[in-house]
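Here's the letter readout for the chains.
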Amino acid sequence: MNRNLFPLALGGLGIGTTEFVIMGLMQDVATSLQISIPTAGYLISAYALGVIVGAPLLVAASVKHNPKKVLMVLMVLFTIFNGLSAAAPGYYTLLVARFMSGLPHGAFFGIGAVVASRMAQEGKQAQAISMMFAGLTIANLVMVPLVTYLGHVTSWRYAFVIVALIGILTIVFLKMWLPDIRIEKTNVREELQFFTTGKAWLILLITSIGFGGLFAWISYISPLMTHVSGFSLKAVSYLMLVAGAGMVAGNLLGGVMADKMAPEKAAIILFLLLTVALSAVFLFSENQVISVILTFICGLLAMAVGSPINILMIKSADRSAMMGAAFMQAAFNIANSIGAYLGGLPITWGLGFQYPAFVGALMAMMGLLLTVTFMFRYGIKSKSWALR
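Residues numbered from 1 in each chain as written. Predicted model: local features only at pLDDT ≥ 70, side-chain atom pairs only at ≥ 80, totals over all residues. Heavy atoms only, no water.

An unreviewed UniProt entry lists the chain under the name MFS transporter, with Niabella digestorum as the source organism. The UniProt entry for the chain carries the following text under Subcellular location (unreviewed entry): "Cell membrane". (UniProt positions renumbered as here; feature names shortened; annotations may be inferred.)

What follows is the structure in structure tokens.
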């Protein structure tokens, strides 16, 4: 990896860890704070809502400032609020801390995506952006299983301590290694102009609903694997490792597909496959071998669809690229919030823990239909792209 991109990837590692580790530790948190599993699921939604609120507001506040300094400030906020999550005395305090932790998420990735593209050679922008998001996928492969295991054997609070330490390291490496990239200054009005178009909102709708299929499934992967597939609670950390490996592979696959074909076409293929895979989780999770295989496949397909959708937004947004990238993170976390909420409804109604995957399959299918609509209305024919 290019040394200049390392601080962005490290920040992605911290963000990915704090976003996903709560899913593997949900039962531990619920037991510790004496709340139900669906109630603990709202901690996922709180973080997602923080991203939704923070992404446009913090990008709007930073468009006239030096991107390197802005990224450092965002990571300072990220570090402080994750530290507060570790020290939260009760459920509602943790709920607020999780919301605050999510505020810098979208702005960091939005600004970071533009910075990464400016550091890349012509025609390599997508790969540079995927390297930044590699930190998020590696979080799911290495850090989330490791921290999940640590949380199981000690306390879930140590997970957030580790995230805060990653945040501190990111600040240091941003200062040391990230070049002082100059980006053409815009104003809030210019950045928001793209979002007066139907095209922008259709992309955001595709992301919010289609990508929600991932979160409807993975938000409840711990009870799925223990109550339906019959694994022990300690095995969940290893199963998260399987899902993480799929996400790392999917990040690479999605980048390659987005370079080889129009991003909306890549997204259609991946949403179709994700719908089939999540349906298979619903039908066959009682078989442990099949369950493990599907965990890898669903992680791969869900993360793969992220790259084409991100590139679709950046190609479409033009001068609004930084705000567009930030709004995409908000949309991904709307997907997180909606997916976690809708996935939890069947459990609240007394249905089995395999039903969140069924909800996920329906959401992925809606993403497929919306992407087909986009292709026929706004299909982007050019394979080359660059941020101006």
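## Examining unusual backbone geometry
A positive phi is found at Q34, a non-glycine position, where the angle reads about 60°. Checked against the element boundaries, Q34 lands in the loop between α2 (26-33) and α3 (37-62). Given a relative accessible area of 74%, Q34 falls into the exposed group. (Helix = DSSP H or I, 4+ residues; strand = E, 2+ residues; numbered from the N terminus. Buried < 20%, exposed > 50% of the residue type's maximum accessible area, 1.4 Å probe, protein only.)

## A short note on the packing of helix α4 (residues 67-87) against helix α5 (residues 91-119)
It is the contact of α4 with α5, at a shortest axis distance of 8 Å, that shows an interaxial angle of 160°. In terms of axis orientation, α4 runs roughly antiparallel to α5. For α4 against α5, the interelement crossing comes out left-handed. From α4, P67, V70, L71, L74, M75, L77, F78, F81, N82, L84 and S85 reach across to α5, where they touch L94, A97, R98, M100, S101, P104, A107, F108, I111, G112 and V115. The residue makeup of the contact of α4 with α5, split by class, is 17 nonpolar, four polar and one charged. (Axes fitted to C-alpha atoms, helices over the stretch in contact; angles between N-to-C directions. Parallel < 35°, antiparallel > 145°, perpendicular 65-115°, else oblique. Left-handed = near helix turned anticlockwise from the far one by under 90°. Contact = heavy atoms within 4.5 Å. Nonpolar A, V, L, I, M, F, W, Y, C, P; charged D, E, K, R; others polar.)

## A short note on the environment of G344
Relative to the helices and strands, G344 resides in helix α16 (residues 321-348). For G344, a relative accessible area of 5% gives the class buried. Considering only alpha carbons, one finds G344 and F296, 48 residues apart in sequence, at a separation of 22 Å.

## Observations regarding helix α7 (residues 157-177)
Taking 1.5 Å of rise per residue, 21 residues should cover 30 Å, and α7 covers 31 Å from first to last C-alpha, within 8% of that figure. For α7, every residue scored as buried is listed here: A159, F160, V163, A164, I166, G167, T170, I171, F173 and L174. (Expected span 1.5 Å × (residues − 1).)

## Focus: the confidence of the model for the chain
Averaged over the chain, the pLDDT score is 87; the fraction of residues at 70 or greater is 94%. A low-confidence stretch, residues 382-388 stays under pLDDT 50, and its non-local contacts, those more than four residues away or across chains, total 19 contacts. (pLDDT = per-residue confidence, 0-100.)

## Comments concerning the side chain of S208
Structurally, the position occupied by S208 is in helix α9 (residues 198-210). S208 gets classed as buried once you look at its relative accessible area, which sits at 8%. Separated by 2.8 Å, the side chain of S208 and the backbone oxygen of L204 make a polar contact. Not counting residues within four places of it along the chain, the set of residues in contact with S208 comprises A331, I334, A335, I338 and M363. (Polar contact = N/O pair within 3.5 Å; in protein donor to acceptor, adjacent residues only side chain to side chain.)

## Focus: the packing of helix α1 (residues 6-24) against α4
Look at α1 against α4: their axes get within 12 Å of each other, and the N-to-C directions meet at 30°. Classified by the angle their axes make, α1 and α4 are roughly parallel. Between α1 and α4 lies a crossing whose hand is left-handed. Of the residues in α4, those in contact with L8, G11, G14, I15 and T18 of α1 are L71, M75, F78 and N82.

## Overview of the nonpolar core
Note on soluble globular proteins: their nonpolar side chains tend to be buried together. Grouped together as the largest cluster of nonpolar side chains are 127 residues, with contacts concentrated most on L8, F108 and W217. At twelve residues, α16 tops the list of elements feeding residues into this core. In contact with W217, other than residues within four places in its own chain, are L224, A243, L278, V281, T295, C298, G299, P356 and A357. (Core = buried A, V, L, I, M, F, W, Y, C linked by side-chain atoms within 4.5 Å.)

## Observations concerning α2
Most of α2 sits inside the fold, with six of its eight residues counted as buried. Considered for burial, the residues of α2 that qualify are M26, Q27, D28, V29, A30 and L33.

## As for the packing of aromatic side chains
All chains considered together, the criterion is met by 16 aromatic pairs. With centroids separated by 5.5 Å and ring planes inclined at 70°, the aromatic side chains of F194 and F195 adopt a geometry described as edge-to-face. Ring-pair connections join several aromatic residues into one group, and the members of that group are F20, F211, F215 and F332. (Phe/Tyr/Trp six-rings, centres within 6.5 Å; stacked < 30°, edge-to-face > 60°.)

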